[in-house]
Amino acid sequence: MDTSSKNNSHNLDHAIAGAVSGFVTRFACQPLDVIKIRFQLQVEPIANYHVSKYHSFLQAFYLILKEEGITAFWKGHIPAQLLSIVYGTTQFYSYHIFMKISYNFSLLNEWKYSTNFIAGASAGFLATIVSFPFDTIRTRLVAQSNNYTIYKGILHSCSCIIQHESPKVFFYGLLPTLLQIVPHTGLQFAFYGYVNDKYKKYYNETNISFYNSMISGSVAGLLAKTAIYPFDLSRKRLQIQGFRNGRKGFGTFFECKGLIDCLKLTIKEEGIKGLFKGLVPSQLKATMTTALHYTVYEQTLIALKALRSDISK
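In short, a report on the structure. Not measured: the values here are computed from a predicted model. (Residues numbered from 1 in each chain as written. Predicted model: local features only at pLDDT ≥ 70, side-chain atom pairs only at ≥ 80, totals over all residues. Heavy atoms only, no water.)

### Observations concerning helix α5 (residues 112-143)
Applicable threshold: Helix and strand definitions here come from DSSP, where helices need a minimum of 4 consecutive H or I residues and strands a minimum of 2 consecutive E residues; each element is numbered from the N-terminal end. Multiplying 1.5 Å by the helix residue count minus one yields the expected span of that helix. Two axes define the bend at a residue: one fitted to the seven residues ending there, one fitted to the seven starting there, and the bend is the angle between them.
The end-to-end C-alpha distance of α5, which contains 32 residues, comes to just 41 Å, noticeably less than the 46 Å that a straight helix rising 1.5 Å per residue would cover. The largest bend along α5 reaches roughly 55° and is located at Ser131, with the proline Pro133 sitting one to four residues downstream.

### Concerning empty space enclosed by the protein
The cut-off we apply is this: A cavity here means a set of points on a 1 Å grid, drawn over the protein atoms and nothing else, where a 1.4 Å probe fits but cannot get out; a pocket is an open set with protein on both sides within 12 Å along at least five of seven lines, and a residue lines either one if it has an atom within 4 Å of a point. Grid points are joined across faces, edges and corners, and a volume is the space filled by probe spheres set on the points. Any residue that is not Ala, Val, Leu, Ile, Met, Phe, Trp, Tyr, Cys, Pro, Asp, Glu, Lys or Arg is counted as polar, Gly included; the first ten are nonpolar and the last four charged.
Using the criterion set out here, one finds one cavity of 30 Å³ or more in the structure. Estimates place the volume of the largest cavity at around 600 Å³. Lining of the largest cavity is provided by 34 residues; of these, Arg26, Tyr87, Ile181, Lys285 and Thr289 occupy positions nearest its centre. Elements supplying a minimum of two residues to the lining of the largest cavity: α1 (3-40), α3 (77-102), α5, α7 (174-202), α8 (210-239) and α10 (279-312). Taken together, the residues of the lining of the largest cavity sort by class into seven nonpolar, 17 polar and 10 charged.

### A look at the layout of surface pockets
In this structure, the largest pocket encloses a volume near 950 Å³. As for the largest pocket, its lining consists of 28 residues, of which His14, Ile208, Tyr297, Glu298 and Leu301 are closest to the centre. At nine residues, the largest contribution of residues to the lining of the largest pocket is made by α10. When the residues that make up the lining of the largest pocket are grouped by side-chain class, the tally is 11 nonpolar, nine polar and eight charged. Taken as a whole, the second largest pocket encloses approximately 390 Å³ of empty space.

### Comments concerning the environment of Leu222
Applied cut-off: Burial classification: accessible surface area is computed with a 1.4 Å probe over protein chains only, and a residue below 20% of its type maximum counts as buried, one above 50% as exposed, and the rest as partly exposed. Note on contacts: a residue pair qualifies if any of its non-hydrogen atoms lie within 4.5 Å across the two residues.
Tracing the sequence through the fold places Leu222 in helix α8. You can call Leu222 partly exposed: its relative accessible area is 35%. Between the alpha carbons of Leu222 and Thr71 there is a distance of 27 Å; along the sequence they are 151 residues apart. With sequence-adjacent residues up to four places away left out, Leu222 is seen in contact with Gln283 and Thr287.

### Focus: the environment of Phe125
As for its position among the elements, Phe125 is in helix α5. Remark: the alpha-carbon pair of Phe125 and Ile101, spanning 24 residues in sequence, is separated by 17 Å. Sequence-distant contacts of Phe125, that is, excluding residues within four places in its chain, are made with Leu178 and Val182.

### Notes on the side chain of Arg235
Keep this limit in mind: Any pair of nitrogen or oxygen atoms within 3.5 Å is treated as a polar contact; in protein, a donor-acceptor pairing is required on top of that, and neighbouring residues in sequence qualify only through side-chain atoms on both sides.
By the element assignment, Arg235 lies in helix α8. Take Arg235: its relative accessible area is 7%, and that puts it in the buried class. In terms of polar contacts, Arg235 uses its side chain to reach the side chain of Asp135, at 2.3 Å. Those residues within four positions of Arg235 in sequence are excluded, and the remaining contacts are Phe132, Asp135, Gly173, Pro176, Thr177 and Gln180.

### Re unusual backbone geometry
With a phi angle near 55°, Asn204 is a residue other than glycine that sits in the positive phi range. The residue Asn204 is located in the loop between α7 and α8 in this model. Judged by its relative accessible area of 70%, Asn204 is exposed.

### Let's talk about the nonpolar core
Note on soluble globular proteins: their nonpolar side chains tend to be buried together. Worth spelling out the cut-off: To form a nonpolar core, buried Ala, Val, Leu, Ile, Met, Phe, Trp, Tyr and Cys residues must be joined to one another through side-chain atoms within 4.5 Å.
Among the nonpolar cores identified, the biggest contains 15 residues, and Ile35, Phe39, Leu41, Tyr54, Ala60, Ile64 and Ile240 are the most heavily contacted of them. Sorting the residues of this core by element identifies α1, α2 (57-68) and α5 as the ones contributing at least two each. Counting residues per element, this core draws most heavily on α1, at four residues. In terms of nonpolar packing, the next biggest core, distinct from the first, is built from 12 residues, Ala119, Phe189, Ala220 and Tyr297 among them.

### Considering the pattern of salt bridges
What counts, and what does not: Should a side-chain nitrogen of Lys or Arg be within 4 Å of a carboxyl oxygen of Asp or Glu, the pair is scored as a salt bridge.
Inspection of the entire model under this criterion finds 17 salt bridges. Residue Lys53 is joined to Glu67 by a salt bridge in which the shortest nitrogen-to-oxygen separation is 2.9 Å. Placement of the pair is Lys53 in the loop between α1 and α2 and Glu67 in helix α2, with a sequence separation of 14 residues. Here Arg237 and Glu270 are joined by a salt bridge, their closest N and O atoms 2.7 Å apart. Pair noted here: Arg237 is in helix α8 and Glu270 is in helix α9 (residues 259-270), with a separation of 33 residues, a long-range link. Neither residue differs from the other here; Arg237 and Glu270 are each classed as buried. What you see here is one network of salt bridges that share partners, running through Arg26, Asp33, Lys36, Asp135, Arg138, Lys225, Asp232, Arg235, Lys236 and Lys285.

Right, here's the structure in full:
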């Protein structure tokens, strides 16, 4: 195998590892995502003394389980998996390529974590655009009630959106998503790289261990998600515009005309706290998801390297 073929194979490893990481992470953390989205789409206050449908994380969990069954926690799972696999593949592959390019510039090497941020933000930008239609479909499938089903599945939802609305609907909420994902992914990679280096220095390690990936990923996920959360909430609310019938039984329907309008209306009607509805399950999900995401990615890379080594012997 010549040098270019080896390089292509090694680059492909990052794409494969990203896909595996996306699949495993999505399956494990989907229930938290469902609860988070339900909170984000609820206009009424999240409080025991109010008529709100969902009052707390545990109450929401038990209510969904009681009313819709255990399968409701994996509602919209197929488009969610497609989203995660496409996103993970694009994100880690493009991040790897961007970092390889940065090695040619000595100035960027001196600003390591800033380079991590820029490469991560760029990777997030590309991955978001490529995978966004799956996110819109997933959100609508999760948002609808089992008692008022509008969509029967991913193909039916695509058909309905194209026939009754517009293909543009697949990209509703793209702007707040990019405003969220670009800094979020950049912060994730920067925080991960920083904590990763501190861990290796403290424990005198040279390679990335399983525990290092878990701890670094957890911290990176928690900090990055908290920093950009209002944009995540706005994205979900924009993605259900035009989907009033599917939201019957969930309370007041939130209507807005764009990102700025969404943020203004949320603050006006629900206060500043409204921008952080669903934050706790989102933080739990981000901590678990990012830890799993990076750990499965790193371990898959190690496994692929070992497999290639065995084959070459």
